[in-house]
Amino acid sequence: MIDAIAAKLTRDFGNSIAVYKEEAEQGLTAPCFFVSLNNFSQKQITGKRYYREQRFTIKYCPSKVNKNTEICQVADRLYDTLESVFMEADMFRGSKMSCEVVEGVLLFYVNYNFYVYKETQSEEPMENIAVEGGLKKE
């Protein structure tokens, strides 16, 4: 899912804004995005069916000039950009989107939740079984 989000950011914002999937301490070029998974949970619904919730943070580091204006513009665009992403020919809708600015950096939050069906390998059935029984004489 991180790759799908990164690809969507690159497509909608262009190559002028770098997209990182791992935070780099040095050598980053502003403006840039960092994509990270915050929370991941899964609960069984019924049988082999599960519901997964994934919460992502997209951190945007603006350029040095006009930070506030740039952050507002990027935040507005992220709501449209991350409304849906495609992964393996499936579309996933973003939900619970919100953002905040902390120390001059935009933190944008989005959930991508979906159902998973886990297939298990079935065991080969027995071909024949014979049962013999009777009463025990005393």
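First things first, this report covers the structure right here in the doc. Numbering of residues begins from 1 in every chain and follows the order in which that chain's sequence is written. Per-residue local features are limited, in this predicted model, to residues with pLDDT of at least 70; the limit for side-chain atom pairs, both in listing and counting, is 80 or more; totals at the level of whole chains, interfaces and linings are taken over all residues. Computation of side-chain values: all heavy atoms of the structure, hydrogens and water removed.

The next thing to look at is the overall build of the protein chain. Within the protein chain, the secondary structure is distributed over two helices and six strands. Of the regular secondary structure in the protein chain, the N- to C-terminal order runs α-β-β-β-α-β-β-β. C-alpha atoms define the radius of gyration, and 2.2 Å times the number of residues to the power 0.38 defines the globule rule. In terms of C-alpha radius of gyration, the protein chain reaches 25 Å, well past the compact-globule figure of 14 Å for 138 residues. Overall, the protein chain is about 100 × 30 × 25 Å in size when its C-alpha atoms are taken along their principal axes. Going along the chain from the N terminus, every DSSP run of H or I of four or more residues is numbered as a helix, and every run of E of two or more is numbered as a strand.

Despite not being glycine, A89 shows a phi value in the positive range, around 70°. Within the secondary structure, A89 is located in the loop between β4 (84-87) and β5 (90-102). Three exposure classes are used, based on accessible area relative to the maximum for each residue type with a 1.4 Å probe and protein chains only: buried under 20%, partly exposed in between, and exposed over 50%. The class of A89 is exposed, set by a relative accessible area of 79%.

Right, let's talk about the sheet that holds β4 for a bit. Strands qualify as paired when DSSP identifies two bridges or more between them. Overall, mixed pairing links the six strands, which are arranged β1-β2-β3-β6-β5-β4 in an open sheet. Each having just a single partner strand, β1 (18-20) and β4 make up the two edges of the open sheet. Neighbour-to-neighbour, the strand axes of the sheet open up by a mean angle of 30°, direction not taken into account. Note that β5 and strand β6 (residues 105-117) share seven bridges and pair antiparallel. Among the inter-strand pairings, S95 is bridged to a residue of β6, identified as N111. Along the sheet, helix α2 (residues 67-81) makes contact with β2 (32-46), β3 (49-61), β4, β5 and β6, crossing β6 at roughly 10°. Only C-alpha atoms enter the line fits that serve as axes; for helices the fit covers just the stretch in contact. Angles between N-to-C directions range over 0 to 180 degrees. The contact rule is simple, with two residues in contact once any of their heavy atoms fall within 4.5 Å.

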